[in-house]
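Summary of the model geometry
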Amino acid sequence: MTDGTSRDATGLEHKVRGVDHTAFPTFDPAATVRFYRDTLGFPVVHSICAAGWGPEDHPDFIHFFFDIGNDDRIAFFYYFGLEPIHDRERGDVYAGFGPEVPEFFVRSRHLAIHVDDQDDLLEYRRRLDDSAWPVEMQIQHETIESIYTHDPNGYMVEFTRAMRPVTPQEDLDATLTIDALLDVVAEPEPSFGKLLARKAELIVERAADWELSRTTEGARQ
Amino acid sequence: MTALYVLDVPENTTVAKVAAEDPAVTVGKLGPYFEISADGAIVVDRRATGCRHAVWYSCVAGVGGGRIVQHDKNALRVDPA
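Residues numbered from 1 in each chain as written. Chains lettered and ligands numbered in written order. Predicted model: local features only at pLDDT ≥ 70, side-chain atom pairs only at ≥ 80, totals over all residues. Heavy atoms only, no water.

In the annotation of an unreviewed UniProt entry, the entry for chain A reads VOC family protein, and the organism field reads Actinomycetospora endophytica.

Here it is as structure tokens:
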């Protein structure tokens, strides 16, 4: 990240190093391994075999991890003897939704895995299309290209590549968006129109100075 | 005065270019943003920009002194407040 990031706003040093792991329950470890290891080729890199303990009558479980690149990992919990906790058709094994929940909301939560270029994206498309979990959607926006499918547990997985590098001005824009959003949601009845009006005020206040400070920094380097 | 702000990134440049074709509209820069301004309405034809949906529906950074009255697959229109 460049100018306009949270460090400028908060003064807090940004020391974290990406995703260690993100974890999900599974009731079908066999299909989960077929999907992540055998179809996608994600190495199994870690596992924990744990006897249940504690006051909650915790079942025995296996916690297993796949490498998703960059030393980041996706992990699963398989609990022996635990039956699926819901029988709704919409959603995933973690959370089911009734017909009252709009589809865009059900589809909002997902994991997006980064690839370097279109060759790599299409390679994962080939692997998925040859499997029981073919690509459901391939979308090319002007800025990104992505493929989507659902894993055997119903979790949505995206592979994405950037069509161009992120520019410094996008970091500024994101900062202004969030500042405007916080202002708007602090008032009654937040709306997109109110956000764009507030953001216009912030652009007038800050955009010229941001450009000037970048130019000055560039001249010093 | 109505002002429409659009971030200057490659996929947004045609929005400013098409807006500038209206002689009543002025397009300048404010930092890294295009500042598209007019005394009256600002209208941008989507097809003329060549923008597809994802960019088209997210190209507006801010609206000053007016409000969006149309933002669909045909056009973006900002009217004075």
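Okay, the overall build of chain B next. Of the regular secondary structure elements, chain B holds 3 helices and 7 strands. The linear arrangement of helices and strands in chain B, starting from the amino end, is β-α-β-β-β-α-α-β-β-β. Computed over its C-alpha atoms, the radius of gyration of chain B comes to 11 Å, within 12% of the 12 Å expected for a compact globule of 81 residues. Projecting the C-alpha coordinates of chain B onto the three principal axes gives extents of approximately 30 × 25 × 20 Å. Here chain B holds 81 residues, and the buried ones make up 48% of them. (Helix = DSSP H or I, 4+ residues; strand = E, 2+ residues; numbered from the N terminus. Rg over C-alpha atoms; globule rule 2.2 N^0.38 Å. Buried < 20%, exposed > 50% of the residue type's maximum accessible area, 1.4 Å probe, protein only.)

On to the overall build of chain A. Along chain A, the regular secondary structure elements total 6 helices and 10 strands. Taken against the 2.2 N^0.38 rule, which gives 17 Å for 221 residues, the C-alpha radius of gyration of chain A at 22 Å runs more than 25% over that of a compact globule. The buried share of chain A, reckoned over its 221 residues, is 33%. Long-range pairs, those at least 24 residues apart, make up 48% of the contacts in chain A with a sequence separation of at least 6. (Contact = heavy atoms within 4.5 Å.)

With that settled, consider the interface of chain B and chain A. Taken together, the contact pairs 21 residues of chain B with 21 residues of chain A. The contact between chain B and chain A buries some 1,700 Å² in all, and 64% of this surface belongs to carbon and sulfur atoms. Where chain B touches chain A, the interface holds 1 salt bridge. Between Arg164(A) and Glu11(B) there is a salt bridge, and its shortest N-O distance comes to 2.5 Å. (Buried area = accessible area lost by both parts, 1.4 Å probe. Salt bridge = Lys/Arg side-chain N within 4 Å of Asp/Glu carboxyl O.)

Once the domains are mapped, chain A shows domain 1 (21-162) and domain 2 (167-220). One C-alpha centre belongs to domain 1 of chain A, the other to domain 2 of chain A; they are set 35 Å apart. (Domains from an automatic or database assignment.)

The term disulfide refers to a covalent linkage connecting the sulfur atoms of a pair of cysteines. All names here are of chain B. Taken as a whole and judged by the stated rule, the model has 0 disulfides over all chains. Summary of cysteine pairing: cysteine 59 is not part of a disulfide, and the nearest cysteine sulfur, belonging to cysteine 51, is at 6.1 Å. Exposure remark for cysteine 59: the relative accessible area of 2% places this residue in the buried category. (Disulfide = S-S within 2.5 Å.)

Backbone phi values are negative for most residues with the exception of glycine, while trans is the configuration of most peptide bonds. Residues and elements named next belong to chain A. Non-glycine residue aspartate 71 carries a positive phi angle of around 65 degrees. Inspection of the secondary structure puts aspartate 71 in the loop between strand S3 (61-67) and strand S4 (73-79). For glutamate 189, which is not glycine, the phi dihedral falls at a positive 50 degrees. Note on placement: glutamate 189 falls in the loop between helix H5 (168-185) and helix H6 (192-220). Since its relative accessible area comes to 66%, glutamate 189 is described here as exposed.

Turning our attention to helix H1 (residues 13-20) of chain B. Residues and elements named next belong to chain B. Among all positions in H1, only Val15, Ala16, Val18 and Ala19 are buried. Summarising the axial view, the buried residues of H1 lie within an arc of 165 degrees, below the 170-degree limit, and thus occupy one face. Packed against the buried residues of H1 are strand S1 (2-7), strand S2 (25-30), strand S3 (33-38), strand S4 (42-45) and helix H2 (46-49). (Arc of directions from axis to C-beta.)

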